Amino acid sequence: MNHENQYTELIAGAHFEKPKYSRFIYEITEPLNIARKRLALLYENFDVDTAVGVQLDAIGVRVGISRHLPMKLIGIYFALDDVDGVGFDRGVWKGKYDPDDGIVSLDDETYRLVIKTKILANKFDGKNQSVPEFINTVLGYFGVPAKIFDFQDEQNMHVVLNMTKSETPPIVWELISRRLIDIVAAGVGMQIVDNEPYFGFDYETASVKGFDEGHFFPFEN
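The structure presented is a predicted model; accordingly, all values stated were derived computationally and were not measured.

Draft legend 1. Spotlight on the sheet that holds strand S5 (residues 189-194). The sheet built from three strands is open, its strands ordered S3-S4-S5 with mixed pairing. Looking at which strands have only one partner, the edges of the open sheet turn out to be strand S3 (150-153) and S5. Within the sheet, the average angular offset between the axes of one strand and its neighbour, ignoring direction, is 15 degrees. Judged from the four bridges that link them, S3 and strand S4 (residues 158-163) form a sheet pairing that is antiparallel. Directly across from Asp150, in S4, lies its bridge partner Asn162. The strands touched by helix H5 (residues 170-177) within the sheet are S4 and S5, with S5 carrying the most contacts at an inclination of about 150 degrees.

Draft legend 2. Geometry of the side chain of Glu174. Of note, Glu174 is situated in helix H5. Accessibility expressed as a relative area gives 11% for Glu174, which makes it buried. Only 2.5 Å separates the side chain of Glu174 from the side chain of Arg178, close enough to count as a polar contact.

Draft legend 3. Main features of the confidence of the model for the chain. Of all residues in the chain, 72% attain a pLDDT of 70 or more, and the chain-wide mean is 76. Segment residues 85-93: pLDDT under 50, and 22 contacts once partners within four positions in sequence are set aside and those in other chains are kept.

Draft legend 4. Representation of the layout of surface pockets in the model. Considered as a void within the structure, the second largest pocket measures approximately 190 Å³ in volume. What lines the second largest pocket is simply His3, Glu4, Thr8, Glu9, Ile11, Phe16, Pro19, Ser22 and Arg23. Tallied by class, the residues present in the lining of the second largest pocket amount to three nonpolar, three polar and three charged.

Draft legend 5. Looking closely at the pairing of S4. Buried residues dominate S4, accounting for five of its six residues. Where S3 folds back on S4, the antiparallel hairpin that results is connected by four residues, among which Gln155 adopts a positive phi of roughly 60 degrees. Crossover handedness for the path S4 to H5 to S5: right-handed.

Draft legend 6. Up close: the environment of Thr168. Counting through the fold element by element, Thr168 comes out in the loop between S4 and H5. The class for Thr168 is buried, based on a relative accessible area of 6%. Between the alpha carbons of Thr168 and Leu139 there is a distance of 7.7 Å; along the sequence they are 29 residues apart. Apart from residues no more than four positions distant in its own chain, Thr168 is found in contact with Leu139, Met163 and Trp173.

Draft legend 7. Spotlight on helix H2 (residues 53-63). Leu56, Ala58, Ile59, Gly60 and Val63 are the residues of H2 that are buried. Looking at the buried positions of H2, the neighbouring elements they touch are helix H3 (108-122). Positive phi shows up at Gly64, right after H2, with a value of about 100 degrees.

Draft legend 8. Structural context of the packing of H3 against helix H4 (residues 131-141). Two elements in contact, H3 and H4, have axes separated by 9 Å at closest approach and are oriented at 160 degrees. Comparing their axes, H4 and H3 come out roughly antiparallel. Relative to H4, H3 is oriented so that their crossing is right-handed. Here Leu113, Lys116, Thr117, Leu120 and Ala121 of H3 lie close against H4, whose contacting residues are Phe134, Thr137, Val138 and Tyr141. The residue makeup of the contact of H3 with H4, split by class, is six nonpolar, two polar and one charged.

Draft legend 9. Looking closely at the environment of Gly143. Among the structural elements, Gly143 can be located in the loop between H4 and S3. Taking the relative accessible area as the measure of exposure, Gly143 reaches 64% and is therefore exposed. Here the alpha-carbon distance between Gly143 and Pro169, two residues 26 residues apart in the chain, equals 9.2 Å.

Draft legend 10. Region of the structure containing the pattern of salt bridges. Taken as a whole and assessed by the stated rule, the structure comprises seven salt bridges. Glu109 is the salt-bridge partner of Arg112, the closest N and O atoms lying 2.9 Å from each other. Of the two residues, Arg112 and Glu109 both sit in helix H3, three residues apart, roughly one turn of that helix. Arg179 is paired through a salt bridge with Asp182; the nearest N and O atoms lie 2.8 Å apart. Here Arg179 falls in the partly exposed class, since its relative accessible area comes to 27%. On the accessibility criterion, Asp182 (32% relative accessible area) is partly exposed. In this structure, a network of salt bridges that share partners links the residues Asp57, Arg67 and Asp108.

About the thresholds
Residues numbered from 1 in each chain as written. Predicted model: local features only at pLDDT ≥ 70, side-chain atom pairs only at ≥ 80, totals over all residues. Heavy atoms only, no water. Pairing = 2+ DSSP bridges. Helix = DSSP H or I, 4+ residues; strand = E, 2+ residues; numbered from the N terminus. Axes fitted to C-alpha atoms, helices over the stretch in contact; angles between N-to-C directions. Contact = heavy atoms within 4.5 Å. Buried < 20%, exposed > 50% of the residue type's maximum accessible area, 1.4 Å probe, protein only. Polar contact = N/O pair within 3.5 Å; in protein donor to acceptor, adjacent residues only side chain to side chain. pLDDT = per-residue confidence, 0-100. 1 Å grid on protein atoms, 1.4 Å probe; cavity = no way out; pocket = protein on both sides within 12 Å on 5 of 7 lines; lining within 4 Å. Points joined across faces, edges and corners; volume = space filled by probe spheres on them. Nonpolar A, V, L, I, M, F, W, Y, C, P; charged D, E, K, R; others polar. Right-handed = clockwise from strand over helix to strand, strands pointing away. Parallel < 35°, antiparallel > 145°, perpendicular 65-115°, else oblique. Left-handed = near helix turned anticlockwise from the far one by under 90°. Salt bridge = Lys/Arg side-chain N within 4 Å of Asp/Glu carboxyl O.

Structure representation (structure tokens):
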């Protein structure tokens with residue numbers, strides 16, 4: 001058995017060739033050496049960029065977000081011409097008491113991004129002018145290019161966030177719309193609105209589309 005480590009290499013020349021002394025130094029320093037290496041490994045095991053499994057769960061507990069989140073059930077119930085539903089021979093008929101939501105357990109890579117989002121939210125200053133930067137950073141985590149959002153403060157303890165649902169990762173939409181990641185102060189109501197193009201004839205822009213793409217303008221709003 002080799003009884004050498006970085007500490008036995010520091011033994012002075014007068015004692016270097018004394019095996020019992022070298023082994024004595026090794027025996028009292030090697031446990032400390034092992035502990036130092038394991039402590040250094042903890043940085044990697046519990047770093048949000050490298051942690052996996054239960055280590056990632058432990059980080060989530062500390063920042064305040066679980067791996068198991070309530071999400072809208074997508075791709076299960078039968079629907080015609082609906083991106084969230086599925087068609088004939090694939091979809092399950094939704095009963096009167098069947099849930100719209102379910103508990104989803106995130107995989108490590110998705111959960112890692114959610115934890116980063118929560119960390120960012122924990123440091124968020126709560127100012128309205130900071131919301132676009134916050135959301136753009138979150139979308140960047142999920143590989144979506146930055147874009148400008150319309151954030152309206154109605155000055156009545158209620159704010160409205162306009163986002164394009166079709167271009168927003170479902171997990172980000174759910175986190176913000178359900179306020180699992182909160183971007184407004186406690187007691188302030190928030191409505192998230194899909195920036196869908198409105199229906200129009202003989203005219204088409206990014207905000208106005210024709211059949212199958214345009215939506216009727218919500219006059220009640």
